[in-house]
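# Coordinate inspection notes
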Number of protein chains: 2
Amino acid sequence: MVGLIVPVSTDTLPNVSDHSLATPAAEPAIIDLLGALAYGELSAFDRLADDARMAPTLDGRAHMSAMAAIEMGHYSRLAERLEQLGVPPAVAMEPFVAALETYHSLTEPSTWLEGVVKAYVGDGMAADFYREVAEFVDESTRALIHEVLADAGRAEFAVREVRAGIAAQPAVAGRLALWGRRLVGEAISQTQHVLADRDALMLLMMHGTSGSSVELAGVAGLIERITARHEERMAALGLSH
Amino acid sequence: MVGLIVPVSTDTLPNVSDHSLATPAAEPAIIDLLGALAYGELSAFDRLADDARMAPTLDGRAHMSAMAAIEMGHYSRLAERLEQLGVPPAVAMEPFVAALETYHSLTEPSTWLEGVVKAYVGDGMAADFYREVAEFVDESTRALIHEVLADAGRAEFAVREVRAGIAAQPAVAGRLALWGRRLVGEAISQTQHVLADRDALMLLMMHGTSGSSVELAGVAGLIERITARHEERMAALGLSH
């Protein structure tokens, strides 16, 4: 669950006079949501497995590898659901491959600690976004989304590693703080690209955040909540300013 | 569970007049066995995750990534057991890191099908070896080893991928058959290096395969059984000659 968060500009919002805004969330949005999440898990697996190699110890490597393995468990649950809905997982994921790969290639960690921060801060931000969107879908889809977004002790691991890293070498704190901001920026940028292309997903968000009337206040509130939680995570790592 | 199989030469066998050969398998051999297996799982995870990127389809990639995730589940079980025995997993794994990394670097697949063959044939061979050695240890360790060596549908996947690959391009069969032989050769070579360094493990095998008397017939039988099963796997892939 990684890499796609809410846009902060309104450039990509659909025309508010669009009649379809009045209809409730339909199947295509659910398929998109599950497809984006599924590819998010598959690519998070891939990147965590890759980043695990930078671990300074076998224990650290095993820990990050285990986090990657958990993502695959989540992937399987999402792929299963997509199959139940009659959609091959590869078909549902396809529209999101490019944006997520771009996100990952623009945020490739160059150190172990950058990898740890990305696993916690980047994925945490994406999880917050999906949890917000999950509020607007049916109960069974929502339960599945909450299940696959469980972070399984990731926070504790990240806090321990990053705080130890800063204690050993205080100069890394500034660089990691910048890194956290870069993760947010790239995630926002790729999410905008995705939403510009996926009307159903965009309508789900617009409809969900604003109730029956179409307004931007709902989206703004959502952005505020996600930003606040991002700041909390950076503070937990000792990277707030 | 990968990369370490039985030696075929007797160069590395301990002196048969060594008095300790008469004693039954002791703790150090169990720790070595669990450590080798644990690092085998961790490195197999790493290599499968890497090789998954070569998949021609998202489904293939997800399938190999899921295989990697299963290895991490096995790793956790082995690490848990090592901790119960009072040995930090990293300490138990350390003696086996170099040999397994050498095995993997000498058998880095250059195509998707080479990766699939390695996942099935290479890991299958290693699993056969560990299963043989498991016969000589206590029941609880044996049960754990059998559990972590379960291949979870890997055969079916490999057979399907390789047979489809050969059907599409018959010329690959010859290269893959050579590849299978190379996997065996490198695995044997690295296993010899490991056993030359780990007396307890070597003694466990010698004692186990030959009962109370020290002789090479037991080891020879073990090699024969592992070779026969290797040939069966190559035949299942359509790669026997």
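Residues numbered from 1 in each chain as written. Chains lettered and ligands numbered in written order. Predicted model: local features only at pLDDT ≥ 70, side-chain atom pairs only at ≥ 80, totals over all residues. Heavy atoms only, no water.

Along the backbone of chain A there are nine helices and zero strands. Starting at the N terminus and walking to the C terminus, you meet the elements of chain A as α-α-α-α-α-α-α-α-α. Of all 241 residues assigned to chain A, the portion counted as buried reaches 55%. Put simply, 85% of the contacts in chain A that link residues at least 6 apart link residues at least 24 apart. (Helix = DSSP H or I, 4+ residues; strand = E, 2+ residues; numbered from the N terminus. Buried < 20%, exposed > 50% of the residue type's maximum accessible area, 1.4 Å probe, protein only. Contact = heavy atoms within 4.5 Å.)

Residues and elements named next belong to chain A. At a minimum axis separation of 8 Å, helix H1 (residues 27-52) and helix H2 (residues 58-84) run at an interaxial angle of 160°. With respect to H2, the axis of H1 lies roughly antiparallel. Both H1 and H2 take part in a crossing whose hand is left-handed. Class assignment of the residues belonging to the contact of H1 with H2 gives a composition of 18 nonpolar, three polar and five charged. (Axes fitted to C-alpha atoms, helices over the stretch in contact; angles between N-to-C directions. Parallel < 35°, antiparallel > 145°, perpendicular 65-115°, else oblique. Left-handed = near helix turned anticlockwise from the far one by under 90°. Nonpolar A, V, L, I, M, F, W, Y, C, P; charged D, E, K, R; others polar.)

Moving on, we come to empty space enclosed by the protein. Residues and elements named next belong to chain B. One pass over the full model with this rule turns up five cavities of 30 Å³ or more. Around the largest cavity, the lining comprises eleven residues; the ones closest to its centre are Leu-33, Phe-129, Tyr-130, Leu-195 and Leu-201. Of the residues contributing to the lining of the largest cavity, the split by class is ten nonpolar, one polar and no charged. (1 Å grid on protein atoms, 1.4 Å probe; cavity = no way out; pocket = protein on both sides within 12 Å on 5 of 7 lines; lining within 4 Å. Points joined across faces, edges and corners; volume = space filled by probe spheres on them.)

The subject of this paragraph is the relation of the copies chain B and chain A. When chain B is fitted onto chain A, the two copies agree to an RMSD of 0.0 Å after a turn of 180° and an axial shift of 0.0 Å. Classification of the inter-copy transformation places it as that of a two-fold axis. Ranked by how close their C-alpha atoms come to the rotation axis, the residues of chain B are headed by Ala-69 of chain B, at 2.1 Å. When the interface residues of chain B are mapped onto chain A, 100% of them are again interface residues, pointing to one common binding face. (Least-squares fit on C-alpha atoms with pLDDT ≥ 70 in both.)

Of the pockets and cavities examined, the largest pocket occupies roughly 350 Å³. Lining the largest pocket are 17 residues, with Tyr-75 of chain A together with Asp-59, Ala-62, His-63 and Ala-66 of chain B positioned closest to its centre. Put simply, the second largest pocket is a space of about 200 Å³. Among the elements that make up the lining of the second largest pocket, the one with the highest residue count is H2 of chain A (six residues). Looking at side-chain class alone, the lining of the second largest pocket contains nine nonpolar, one polar and two charged residues.

Of all hydrophobic cores here, the largest spans 161 residues; its most connected members are Val-117, Val-162 and Leu-239 of chain A together with Val-117, Val-162 and Leu-239 of chain B. If we ignore the near neighbours within four places in the chain, the residues touching Val-162 of chain A are Leu-113, Val-116, Val-117, Leu-176, Leu-237 and Leu-239 of chain A. (Core = buried A, V, L, I, M, F, W, Y, C linked by side-chain atoms within 4.5 Å.)

Residue and element names in this part refer to chain A. At a minimum axis separation of 10 Å, helix H4 (residues 112-134) and helix H7 (residues 172-197) run at an interaxial angle of 40°. For the pair H4 and H7, the sense of crossing is right-handed. The residues of H7 that touch H4, namely those facing Leu-113, Glu-114, Val-117, Lys-118, Val-121, Gly-122, Met-125 and Phe-129, are Val-172, Arg-175, Leu-176, Trp-179, Leu-183, Val-184, Ala-187 and Thr-191. For the contact of H4 with H7, the per-class residue count stands at eleven nonpolar, two polar and three charged.

The next subject is the interface of chain B and chain A. Accessible area lost upon the coming together of the parts serves often as the stated size of an interface. Tallying the contact residues gives 24 residues for chain B and 24 residues for chain A. For the chain B face of the interface with chain A, the top three residues by lost area are Arg-53, Leu-58 and Arg-61 of chain B, together amounting to 30%. Inspection of the chain B/chain A interface yields four salt bridges. Put simply, Asp-46 of chain A and Arg-53 of chain B hold a salt bridge, and the shortest N to O gap is 2.4 Å. Applying the counting criterion to the chain B and chain A interface returns four residue pairs in polar contact (both at pLDDT 80 or more). Contributions of two or more residues to the side of chain B that touches chain A are made by helix H1 (27-52), helix H2 (58-84) and helix H3 (89-106) of chain B. The biggest single contributor to the side of chain B that touches chain A is H2 of chain B, with ten residues. Residue composition of the side of chain B that touches chain A, grouped by class: 14 nonpolar, two polar and eight charged. (Buried area = accessible area lost by both parts, 1.4 Å probe. Salt bridge = Lys/Arg side-chain N within 4 Å of Asp/Glu carboxyl O. Polar contact = N/O pair within 3.5 Å; in protein donor to acceptor, adjacent residues only side chain to side chain.)

With that out of the way, let us pick up H2 of chain B. Here H2 of chain B is 27 residues long and its end C-alpha atoms lie 39 Å apart, about the 39 Å a rise of 1.5 Å per residue gives. Positive phi shows up at Gly-86 of chain B, right after H2 of chain B, with a value of about 80°. (Expected span 1.5 Å × (residues − 1).)

We now examine the environment of Gly-73 of chain B. Inspection of the secondary structure assignment puts Gly-73 of chain B in helix H2. Note: C-alpha distance between Gly-73 of chain B and Glu-41 of chain B (32 residues apart in sequence) is 8.9 Å.

Mapping His-104 of chain A onto the fold places it in helix H3 (residues 89-106). Side-chain polar atoms of His-104 of chain A contact the side chain of Ser-43 of chain A, separated by 3.4 Å.

A word on H1 of chain A. Along its 26 residues, H1 of chain A runs 37 Å from first to last C-alpha, staying within 8% of the 38 Å computed at 1.5 Å per residue. Burial of H1 of chain A is extensive: 24 of the 26 residues sit out of reach of the surface.

What follows is about the packing of aromatic side chains. One pass over the structure, following the stated rule, counts five aromatic pairs over all chains. Note on Phe-45 of chain A and Phe-45 of chain B: the rings are 5.9 Å apart at their centroids and 85° apart in plane angle, and the pair reads as edge-to-face. Here Phe-45 of chain A is found in helix H1, whereas its partner Phe-45 of chain B is found in helix H1 on a different chain. Judged by relative accessible area, which is 1%, Phe-45 of chain A ranks as buried. Between Phe-129 of chain A and Tyr-130 of chain A, the aromatic rings sit 5.7 Å apart at their centres with planes inclined by 50°, giving tilted as the arrangement. Comparing Phe-129 of chain A with Tyr-130 of chain A, the two get one shared label, buried. (Phe/Tyr/Trp six-rings, centres within 6.5 Å; stacked < 30°, edge-to-face > 60°.)

Residue and element names in this part refer to chain A. Within chain A, residue pLDDT values average 85, and 84% of them lie at 70 or more. H2 holds the highest mean pLDDT among the elements of chain A, 95, whereas helix H8 (residues 199-210) holds the lowest, 76. Across residues 6-26, confidence stays below pLDDT 50; counting only partners more than four residues off in sequence or on other chains, it has 39 contacts. Reported confidence for the predicted complex is 0.83 by ipTM and 0.85 by pTM. (pLDDT = per-residue confidence, 0-100.)

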